[in-house]
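Listed below are the residues making up each chain.
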Amino acid sequence: MKDFHELLISRHSIRKYTAEAISPEDVKLIIEAALMAPSSKRSMPWEFVLIDDKDKLEILSHCREFGSAPLARCSLAILVLSSPAITDTWIEDASIASSYIQLQAEALGLGSCWVQIRGRYTKGDEISAQDYICQHIDIPGDQQILCAITLGHKDETRKPFDLDKLSWEKVHIAK
Ligand SMILES: Cc1cc2nc3c(=O)[nH]c(=O)nc-3n(C[C@H](O)[C@H](O)[C@H](O)COP(=O)(O)O)c2cc1C
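Because the structure is a prediction, the values reported are computed rather than measured.

(A) Spotlight on a nonpolar patch on the surface. A cluster of nonpolar side chains, contributed by Phe161, Leu163, Leu166, Trp168 and Val171, occupies part of the molecular surface with about 500 Å² of accessible area. Checked against the element boundaries, Leu163 lands in the segment after strand 4 (144-153). Relative accessible area serves as the criterion here: at 42%, Leu163 is assigned to the partly exposed category.

(B) Just the pairing of strand 4, in detail. Extensive coverage of strand 4 is indicated by the burial of 9 of its 10 residues. In this sheet, strand 4 lies alongside strand 2 (residues 76-82) in antiparallel orientation, the contact comprising 7 bridges. Across the sheet, residue Leu76 finds its bridge partner in strand 4, namely Leu151. Note that strand 3 (residues 110-116) and strand 4 share 7 bridges and pair antiparallel. Looking across to strand 4, one finds that Gly111 is bridged to Gly152.

(C) Expanded view of helix 5 (residues 90-107). For helix 5, built from 18 residues, the straight-helix expectation of 26 Å at 1.5 Å per residue is met to within 8% by its first-to-last C-alpha distance of 26 Å. Buried within helix 5 are the following residues: Trp90, Asp93, Ala94, Ala97, Ser98, Ile101, Gln102, Gln104, Ala105, Glu106 and Ala107. Here the buried face of helix 5 lies against helix 1 (4-10), helix 2 (24-35), strand 1 (47-51), strand 2, strand 3 and strand 4. Downstream of helix 5 by one or two residues, Gly109 has phi in the positive range, about 80°.

(D) A look at unusual backbone geometry. Positioned with a positive phi, Lys41 is a non-glycine residue whose angle comes to about 50°. Note on placement: Lys41 falls in the loop between helix 2 and strand 1. Of note, Met44 is a non-glycine position whose phi angle comes to about 40°, a positive value. Relative to the helices and strands, Met44 resides in the loop between helix 2 and strand 1. Owing to a relative accessible area of 36%, Met44 belongs among the partly exposed residues under this scheme.

(E) Here's a closer look at the pattern of salt bridges. Summed over all chains, the structure comprises 3 salt bridges. One salt bridge in this structure joins Lys28 and Glu32, with 3.0 Å as the shortest N-O distance. Taken as a pair, Lys28 and Glu32 lie in helix 2 at a separation of 4 residues, close to a single helical turn. Note on Lys28: relative accessible area 53%, which makes it exposed. Under the relative-accessibility criterion, Glu32 is labelled partly exposed at 32%.

Calculation criteria
Residues numbered from 1 in each chain as written. Predicted model: local features only at pLDDT ≥ 70, side-chain atom pairs only at ≥ 80, totals over all residues. Heavy atoms only, no water. Patch = residues over 30% accessible without salt bridge, like charges linked within 9 Å, V, L, I, M, F, W, Y side chains within 5 Å. Areas by Shrake-Rupley, 256 points an atom, 1.4 Å probe, with all protein chains shown as cover. Salt bridge = Lys/Arg side-chain N within 4 Å of Asp/Glu carboxyl O. Helix = DSSP H or I, 4+ residues; strand = E, 2+ residues; numbered from the N terminus. Buried < 20%, exposed > 50% of the residue type's maximum accessible area, 1.4 Å probe, protein only. Pairing = 2+ DSSP bridges. Expected span 1.5 Å × (residues − 1). Contact = heavy atoms within 4.5 Å.

Right under this line is the structure:
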């Protein structure tokens, strides 16, 4: 297991994956991480839908014109759903759970990428990416799909962060 700071230095979005499946043990660890994510007032407004069927993943990769190609290449995608009917912090809560999934994946040596679904549309703006996905996958209740996290064994190499090039100009000391 990597030291946490090392993990952050090495994590980058991975959009190309080998054909190797993710082991059930690793899938369990990733889902456990998501279920331990903090949420406002512990409302846990999220739900997670796992998809490993290659045909379904190929179909879902067309939920947007650009940016959703990793869905066709991954071994597993996790749709991160959340409900505005449960809490006004549904986006924040689902975002944190999504990040937990990505960080746990990195700790396991797996690659991941966030594919944005909320507010995105299919090619030609015909229908929302959410409605497109709902035509092919059963989504529980009135849940909104924030994103899909694609996961798999890495088939590309990314350079780690260079700590000397971090955007320190973003950091301010209050006067
Ligand atoms: C809210 C959010 C939405 C994103 N949407 C997409 C997406 O739709 N498709 C994609 O390939 N990457 C997407 N990404 C990944 C970003 O492009 C990526 O995190 C960013 O370029 C920084 O690169 P890194 O993750 O390799 O450090 C998204 C990331 C975030 C946090």
